[in-house]
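Fold and contact review
Spelled out, the chains give:
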Amino acid sequence: MSIDYAEKIPNNVNLSDNRRLQRALEKWQPAYLDWWRELGPIESQNLEVYLRTAISVDSKGWAHFDHVRMPDYRWGIFLAPAEEGRTIGFGQHKGEPAWQDVPGEYRAELRRLIVTQGDTEPASVEQQRRLGQTCPSLYDLRNLFQVNVEEGRHLWAMVYLLHAHFGRDGREEADAMLERHAGDPDRPRILQAFNEKTPDWLSFFMFTYFQDRDGKYQLSSLAESGFDPLARSCRFMLTEEAHHMFVGETGVGRIIARTCQLMRENKTDDPRSVGGIDLQLIQKYINFHYSICLDLFGAELSTNAATYFTQGLKGRFLETRIDDDHVLADAAYPVPEMKGDSVVMTDAPALNAVNERLRADYITDSQRGVDRWNKIIRDAGIDFVLTLPHVGFNRSIGTFADYHFSPDGKLLTEAEWEHRRAEWLPVDEDYAFVQTLMQPVIEPGKMANWIAPPARGINNQPQDFEYVRFG
Ligand code: BYC
């Protein structure tokens with residue numbers, strides 16, 4: 001299970017045994033590196049960063065820490081170990097041996113899933129590329145780059161599948177991954193949340209809390225896939241995803257902690273006056289990021305999702321632990337529906353409601369971190385509660401797309417929505433205010449005024465560790 005770093009493309013898939021595939025990927029590699037130089041983290045070419053690199057995919061080897069010159073980072077192809085005798089866990093092929101090759105009749109669907117997944121990875125790198133210039137500390141700068149290099153590797157994971165299993169059109173799709181760009185009006189990324197801006201560090205932490213969590217749920221569903229190479233790729237990607245969400249949760253938590261501290265120490269209700277970010281504004285950012293991420297799960301009722309499930313391509317979260325028949329021919333699942341002015345839950349065929357079920361799992365998981373953020377506020381003796389907005393708030397996909405809701409779930413007219421949306425979502429002035437705080441802090445151990453230090457260092461390094469060296 002160790003990874004061969006002597007190869008041009010580090011891998012644990014015996015790439016050198018397949019010369020054609022190796023050549024094709026070695027042809028894609030320079031295009032990838034050009035893309036990274038052009039649209040990856042700006043001004044990072046001379047930095048040495050304390051990064052975690054996988055040296056094998058078992059539990060001991062996947063987190064090896066060392067300073068790495070950013071351009072020398074070794075992206076490669078790592079699959080989680082094969083599970084002997086693995087069978088398909090759901091859908092009409094349940095119980096059959098997992099596929100090692102693409103089942104011909106499902107080729108189009110499988111390619112679409114892999115392309116959609118792959119497209120998000122470079123998108124997030126593009127969205128975050130300017131943040132290094134305004135890092136609140138070396139610790140945070142290092143975490144940003146860690147997230148970025150791993151998203152780059154996740155792109156490699158999907159590109160490998162396309163090259164290895166989809167022939168010529170797979171190679172074309174791999175090229176197109178580097179041609180679409182986040183926010184590009186002509187060639188945007190596939191999913192809308194990956195075309196939004198990530199203009200400041202509060203946005204970054206919200207992104208890694210909410211949007212990477214969509215990644216966790218989508219990757220977990222794909223990790224159940226009957227197509228074994230996809231399942232194994234996603235299982236290894238998930239080991240890295242956990243750190244991204246940690247960065248998000250603790251990042252927002254540290255901002256909240258600092259805000260509360262500034263309010264108490266200065267006996268003020270106005271943390272902005274002492275260089276902090278007010279909890280009201282943090283709530284607005286939550287409203288924005290959470291609502292655009294709910295859209296990432298697709299429509300409540302989806303024939304695409306039903307097809308993926310029946311075909312055995314994409315399962316549910318922790319599919320094998322769910323206590324049912326894993327075929328869902330007769331099962332029901334409650335989905336929200338508009339009846340007049342109210343939202344009612346109606347039983348729908350569970351097969352068509354697979355997206356909705358995944359969104360429900362995501363919502364429960366998202367609430368846990370919000371509860372921990374609220375504990376920080378409560379422990380500081382401050383009377384304020386952060387909430388996740390109503391599921392219909394600011395939605396563009398599915399049942400709620402044609403309606404407007406307030407964060408507390410009141411149905412609004414178009415006029416009411418237009419009149420009040422600036423109370424609930426960040427507006428230009430909010431972004432401009434946060435931007436005033438975004439001044440780089442690059443002295444080891446120092447933190448920007450608006451964020452508390454982390455509870456502990458990466459890999460237990462001391463507070464003043466030089467996570468990033470400037471060459
Ligand atoms: N934006 O039948 P429906 C990550 C389209 S994040 C734009 O409900 P489906 C990461 C849809 O394509 C995880 N369009 O859709 C995180 C469909 O179009 P057609 C990414 C959308 O297919 C942070 C139509 O609307 N991975 O890894 O069931 C950093 C009807 O919808 C959107 C995946 O998403 C949208 N939000 O569900 C880095 C997994 N939603 O067929 C990385 C792969 C729907 O009418 N993707 N549409 O032309 C999928 O499983 C599915 O494509 C989706 C959509 C769940 C996204």
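Going by the structure above, here's the rest.
My aim in this report is to walk through the structure given alongside it, one point at a time. Since this is a predicted model, take the numbers as computed values, not measurements. (Residues numbered from 1 in each chain as written. Predicted model: local features only at pLDDT ≥ 70, side-chain atom pairs only at ≥ 80, totals over all residues. Heavy atoms only, no water.)

What to know about the site of the ligand
For clarity, the cut-off: The near set for a molecule or strand comprises every residue that places at least one heavy atom within 4 Å of it. Distance and chemistry together define a polar contact, namely a pair of N or O atoms within 3.5 Å, with one atom able to donate a hydrogen and the other to accept it when in protein, and with adjacent residues in sequence counting only for side-chain atoms on both sides. All accessible-area figures derive from a Shrake-Rupley calculation using a 1.4 Å probe, and residue coverage is judged against the displayed protein chains alone. The pocket and cavity definitions rest on a 1 Å grid over protein atoms only: a 1.4 Å probe that fits but cannot leave marks a cavity, an open set with protein on both sides within 12 Å along at least five of seven lines marks a pocket, and residues lining either have an atom within 4 Å of a point. Whether a molecule sits in a cavity or pocket is decided by its atoms, more than half of which must lie within 2 Å of the grid points. In DSSP terms, a helix is any run of H or I states spanning at least four residues, a strand is any run of E spanning at least two, and both are numbered starting from the N terminus.
In the vicinity of the ligand, 29 residues are found, and the nearest of them are Gln117, Ala299, Ser302, Lys314 and Asn355. Asp295 places a polar main-chain atom, nitrogen or oxygen, 3.0 Å from a nitrogen atom of the ligand. Between the ligand and the protein, one listed contact pairs an oxygen atom with a backbone N or O atom of Ala299 at 2.6 Å. Contact with the protein chains removes 81% of the 1,000 Å² of surface that the ligand exposes when unbound. The pocket occupied by the ligand, as judged from atoms lying within 2 Å of grid points, is the largest pocket. Counting residues per element, the ones that place at least two in the shell around the ligand are helix H2 (107-127), helix H5 (201-222) and helix H8 (303-311). With seven residues, H2 is the largest single contributor of residues to the shell around the ligand.

Topic: the pattern of salt bridges
Formally: Put simply, a salt bridge is a Lys or Arg side-chain nitrogen that is within 4 Å of an Asp or Glu carboxyl oxygen. Working definition: with a 1.4 Å probe on protein chains only, accessible area under 20% of the residue-type maximum means buried, over 50% means exposed, and in between means partly exposed.
Scanning the entire structure with this criterion turns up 31 salt bridges. The partner of Asp228 in a salt bridge is Arg86, and the shortest N-O contact between them spans 2.7 Å. Here Asp228 is found in helix H6 (residues 228-265), whereas its partner Arg86 is found in the loop between strand S2 (64-69) and H2, with 142 residues between them in sequence. Each member of the pair, Asp228 as well as Arg86, is classed as buried. For Asp295, the salt bridge goes to Arg395, with nearest N and O atoms at 2.6 Å. Remark: Arg395 occurs in the loop between helix H9 (354-379) and strand S5 (404-405) and Asp295 occurs in helix H7 (residues 279-295); sequence separation between them is 100 residues. Each member of the pair, Asp295 as well as Arg395, carries the same accessibility label: buried. Salt bridges linked by common partners bring Arg107, Arg111, Asp169 and Glu173 together as one network.

Quick look at unusual backbone geometry
Phi is positive for Lys267, close to 45 degrees, though the residue is something other than glycine. In this fold, Lys267 is placed in the loop between H6 and H7. A relative accessible area of 76% means that Lys267 is categorised as exposed. Although it is not a glycine, Asn459 sits at a positive phi angle of roughly 55 degrees. Relative to the helices and strands, Asn459 is located in the loop between helix H11 (428-437) and strand S7 (468-470). On the basis of relative accessibility, which here comes to 42%, the residue Asn459 falls in the partly exposed class.

Structural notes on the packing of aromatic side chains
Heads up, the rule is: Here is the rule: rings of Phe, Tyr and Trp (six-membered ring for Trp) pair when centre to centre is within 6.5 Å. Planes less than 30 degrees apart are stacked, more than 60 are edge-to-face, and the remainder are tilted.
According to the stated counting rule, one finds 32 aromatic pairs in the structure shown. Taken together, a centroid distance of 6.2 Å and an interplanar angle of 85 degrees make the contact between Phe194 and Phe207 edge-to-face. Placement of Phe194 in the loop between helix H4 (167-177) and H5 and of Phe207 in helix H5 is noted, with a sequence separation of 13 residues between them. Each member of the pair, Phe194 as well as Phe207, is classed as buried.

With respect to a positive patch on the surface
Convention followed: The residues that make up patches have over 30% relative accessible area and no salt bridge, and they are joined within 9 Å when like-charged or within 5 Å when they are Val, Leu, Ile, Met, Phe, Trp or Tyr. When charges are counted, Lys and Arg are positive and Asp and Glu negative, with His and the chain ends excluded. By convention, the point assigned to a charge is CZ for Arg, NZ for Lys, CD for Glu and CG for Asp.
Together, Arg19, Arg20, Arg23, Lys27 and Arg171 make up a positively charged patch on the protein surface. Position of Arg23 among the secondary structure elements: in helix H1 (residues 19-39).

What about the environment of Asn352?
Rule in force here: A contact between two residues is defined here by any heavy atoms of the two lying within 4.5 Å.
Among the structural elements, Asn352 can be located in the loop between strand S4 (342-349) and H9. Residue class for Asn352 comes out partly exposed when judged on its relative accessible area of 22%. When neighbours within four sequence positions are excluded, Asn352 is seen to be in contact with Glu300, Leu301, Ser302, Thr303 and Ala306.

Side note on the environment of Glu48
As for its position among the elements, Glu48 is in strand S1 (residues 47-53). A sequence separation of 281 residues divides Glu48 from Ala329, and the C-alpha atoms of the two residues are 54 Å apart. Setting aside anything within four residues of it in sequence, one finds Glu48 in contact with His67, Val68, Arg69, Tyr467, Val468 and Arg469.

Section: the sheet that holds S7
Put simply, the test is: Note on pairing: DSSP must find at least two bridges between two strands before they are called paired. Angles run from 0 to 180 degrees between N-to-C directions of axes, and those axes are lines fitted to C-alpha atoms, restricted for helices to the stretch in contact.
On the basis of which strands lie adjacent, the open sheet formed by three strands has the order S2-S1-S7 and antiparallel pairing. Strand pairing shows two members of the sheet lacking a second neighbour, S2 and S7, which therefore form its edges. Each adjacent strand pair in this sheet contributes to an overall mean axis angle of 25 degrees, direction not counted. Summarising the sheet, S1 and S2 pair through six bridges and their orientation is antiparallel. Bridging from a neighbouring strand, Leu51 pairs with Asp66 of S2.

What to know about the layout of surface pockets
Heads up, the condition is: Grid points are joined across faces, edges and corners, and a volume is the space filled by probe spheres set on the points. Amino acids are sorted into nonpolar (Ala, Val, Leu, Ile, Met, Phe, Trp, Tyr, Cys and Pro), charged (Asp, Glu, Lys and Arg) and polar (every other residue, Gly among them).
If you add up the space inside the largest pocket, you get close to 900 Å³. Around the largest pocket, the lining is made up of 41 residues, and of these Thr116, Leu191, Gln218, Leu296 and Gly298 lie nearest the centre. Those elements that place two or more of their residues in the lining of the largest pocket are H2, helix H3 (138-165), H5, H7 and H8. Residue composition of the lining of the largest pocket, grouped by class: 17 nonpolar, 15 polar and nine charged. One number sums up the size of the second largest pocket: a volume of about 410 Å³. Considering the residues around the second largest pocket, the lining is formed by 18 residues, among which Glu126, Gln127, Arg129, Arg130 and Lys197 are closest to the centre.

Quick look at the packing of H5 against H9
Here is the rule we go by: Geometric relationships in this document are graded by angle, where less than 35 degrees denotes roughly parallel, more than 145 denotes roughly antiparallel, 65 to 115 denotes roughly perpendicular, and other angles denote oblique. Here a crossing is called left-handed whenever its near helix is offset anticlockwise from the far helix by less than a right angle, and right-handed whenever the offset is clockwise.
Taken N-terminus to C-terminus, the directions of H5 and H9 make an angle of 140 degrees; their axes are 10 Å apart at the nearest point. In terms of axis orientation, H5 runs oblique to H9. In this structure, H5 meets H9 at a crossing whose hand is right-handed. Along the contact surface, H5 presents Tyr209, Phe210, Arg213, Asp214, Lys216, Tyr217, Gln218 and Ser221, while H9 presents Leu358, Asp361, Tyr362, Asp365, Ser366, Arg368, Gly369, Val370 and Trp373. Its residues assigned to classes, the contact of H5 with H9 shows seven nonpolar, four polar and six charged.

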